[in-house]
Every structure is written in C-alpha cells, then in structure tokens.
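# Summary of the model geometry
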Amino acid sequence: MPLESLSQSSISSTSSIRTDTPILGVPLQSTTNKTLKTVLSDSWINLLYLLFVFIPLGYLAHGLKWNGTWIFILNFLAIIPSTRLIVFVIKDICLRADQSVGGLLNATFGNAVEIIVSIIALKEGQITVVQAFILGSIISNLLLVLGLSFVAGGILHKKQEFNKTAAQTSSSLMTLACIGLIIPAAFISFADKIKTSSNDKLHEEELINLSRGAAIVLLIIYILYLLFQSKTHTHLYQDEGVIEDDEQPQLTLIVSLLLLVVVTVAIIFSAEYLVDSIEGIGKNSGLNKIFVSLILLPIATNATVHTVTATTLKNEMNLAINYAVGNSMQIALFVSPLLVILGWIIGQQMTLFFQTFETIALFISVLITNYLIQDGESNWLEGTMLLATYIIVGLAFFYNPNNS
C-alpha cells in the first residue's frame, strides 16, 4: 500500500529536495515509525501473524523429538507466513531500483524459499525429494496459481486480456525447459534397452554428464532471457515491471535488510526440520514422500497465490501472467539447473532425469498452459480447466503405487 501523500506545506518547504528518485538508499519520507506501522498494518501479513506462532513450535517439536507428523505440520505452517514476508521484503527492496535492476533482483531472489528448501534436501542426499519439489513447484504455478487467478478474475470480468507475445515467450521457454527434462528420460529409456551389468555404471555416468551439460545450457538461456526482458525488448514487459508508477518503498533499507536476514534464517531452520520429517510423516500417515514433496511442499512455499489473485481482481493480467508463468519458468530454467551444478560441487549426483510419469505430468501442465494463453485472453472456465488438471495430477501421484 502506498505511503500517505505529504501535505502541500511540507512539499513546498522541501521543494528543493528530490524524494521521488528510486535509489538504493533510504527515502526521506520513510521513517522507522512508518516502517513498523507498514509491516504491522499490511492486511495480508496481518492475517498470517497467527501462523508465526508455529515457528517456535516447529523448533520445539524438533528439539523434543515429537512425532514426525507433528514436526512436519508445525514447520509446514511456519514456512507459510515466512515465505509471504520474505516476498514482501524483496519486493520493497526492488522498488528502490530502476525496472531492469529491480527485475534482476526479483528474478534472483524471487524463488529464494524454493532454493533454500531444495539445497537443504540436496545437502542431505534426498535427490528424490528435490526433484519432486522442483517439479511440484512448476506444476503448482502453472495449474494451481494460474487457475485460481483466472477463476478469481473471471468472476468480476467477463474476459481479461494480456500481452500475448510476452506470455508466449515465457511459455516457449517453459517448453524448452520441459525438453531439457524429457531428453534425459528418453536417454534412460533407450539405455535400459541395452543395459547390461558391464555398462550399467557407464550409463549412470553418461546421464550425470548429460544433466550437467543441459543445466549449463539452460542457465545460459535464462541469462539471455533476462537480457531480452530488461534490455533489448523491454517494451514487451512495460506493464509487467516490478515498480508501479504510484508505488514507493514502504520500509527503510536497513529494516528491509534486517527482516530479510531474520526471515531467511527462520526459513532455513524450519525447512531443515521439515525436510527431515518427510520420512516420518510417510511412516505415520501413509503418505508417500513423492506426494508430500510434489503437492504439499509447494503449497507452503508458494507465495504468489495472493499476489496473482489480487492482480487479476484489479484486471492487471500482464502482471499476473508474469508472476505465475514467469515464476515457473524461473524455477525450470534457473533453480533446477542451479541445483544440478550445486550437486556437482558438493558431490551429490543430482540429475535432470525424472521418472516417466513425472515427466508426462510436467509435459501435460506445460501443454495445457500454452494452449490457454496463446490467444491472449482468459476467463473463469479456462481457470477451472487448469484447476481440474491440477487435481487430476495430484490424485495420480497420491494413488501411484510406484511412489514408495
């Protein structure tokens, strides 16, 4: 919410001082009192304050070695408000820079929670959890978040329009990322036909090398996309920028950085305890860890649902598409290959090979999303199609007997 406008007398008395230039510093109209008031009065964060109590409860449950189900539930609920707050802080920091720098900061730190959870699971050698979580984050943005936004916007607006070229660019990049995951699956399928005891290890090494090479290519494509978005074709994204004309930073830079550090540390501990309890919740509740990692974890770490829904209600569809499809594209082109490179560095054999069933689910999600956004228009029925697809995918992973 923008700050209250200064009175005419205040403006005239300080007319010689510029206060509207977005710089990486503290705006003159931002004070500590106003900063605290902003954080405490934000309606969405205020509703989530009730969930902040689960942060110490999650730590306590882990320290006292409670039942694995309780550890998972408490830390699951603790991550939800932490994720929303860290997005709020990052957005406020981005408001201090111009559009290109703000877009770069948002692209780098917009998926900070997903990166933190994935790195923790990767460090512990839970490759299956990492892959399922990454896949689930992509699918939830494409089907759940975008579907809810189409339905919410369609209730108030008969038809909503958005920049078709920018949307198709993001969806095309998602298709490329999908190809990067299909090729390793096809490679393994072919290798299994000629699999023998002598060349089994050789195929495994070839898959790792293929994944690392593909990861480097995807990272390069992502960097080129940032150049395309912020330099050469900025006109396609003018309505999707991080900064709105009437929006100003609501926090001082010091408070923003302090909140960013504190919340990040809180997320690190909650995520570590959450990942450690996945096996426990599987044993106690019967839920397999693939379903937990692919469906439940992305719901906790996805902070774009409220933002996307709010923008569609205001008929700002370009921004909504950028959040939902763009966030999926960032996870596929940046987070996923980054984890492969990090696994290479720390000695974990993280690959881009997903099981055939998981790869098909991703392909279906990308396919239906591309079909629905190619005309540059949306309505509530298209949203229900996306939600129906998400429910079917979730049921499939819930009942899949190979998820043990």
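I will try to describe carefully the structure that is included in this document. (Residues numbered from 1 in each chain as written. Predicted model: local features only at pLDDT ≥ 70, side-chain atom pairs only at ≥ 80, totals over all residues. Heavy atoms only, no water.)

### With respect to the packing of helix H8 (residues 127–156) against helix H13 (residues 289–301)
- Their axes nearest at 8 Å, the elements H8 and H13 cross at an angle of 50°. Considered as vectors, H8 and H13 are oriented oblique to each other. Seen from above, H8 lies across H13 with right-handed handedness. Contact with H8, carried on its side by Thr128, Val129, Ala132, Phe133, Leu135, Gly136, Ser137 and Ser140, involves Lys289, Ile290, Ser293, Leu294, Leu297, Pro298 and Thr301 of H13 and no other residues of that element. (Axes fitted to C-alpha atoms, helices over the stretch in contact; angles between N-to-C directions. Helix = DSSP H or I, 4+ residues; strand = E, 2+ residues; numbered from the N terminus. Parallel < 35°, antiparallel > 145°, perpendicular 65-115°, else oblique. Left-handed = near helix turned anticlockwise from the far one by under 90°. Contact = heavy atoms within 4.5 Å.)

### A word on helix H4 (residues 54–63)
- All of the buried residues along H4 are Ile55, Gly58 and Ala61. An end-on view of H4 places all buried positions within 125° of arc, on one side of the element. (Buried < 20%, exposed > 50% of the residue type's maximum accessible area, 1.4 Å probe, protein only. Arc of directions from axis to C-beta.)

### Looking at the pattern of salt bridges
- All chains considered together, the criterion is met by 3 salt bridges.
- The salt bridge partner of Lys159 is Glu161, with a shortest N-O separation of 3.8 Å.
- It is possible to trace a salt-bridge network through shared partners that takes in Lys159, Glu161 and Glu377. (Salt bridge = Lys/Arg side-chain N within 4 Å of Asp/Glu carboxyl O.)

### Focus on the side chain of Arg212
- Structurally, Arg212 can be placed in helix H10 (residues 200–232).
- No salt bridge is formed by the buried Arg212, whose closest oppositely charged neighbour, Glu205, lies at an N-O distance of 9.6 Å.
- Other than its neighbours up to four places away in sequence, Arg212 contacts Val340, Ile341 and Trp344. (Lys, Arg positive; Asp, Glu negative; His and termini not counted.)

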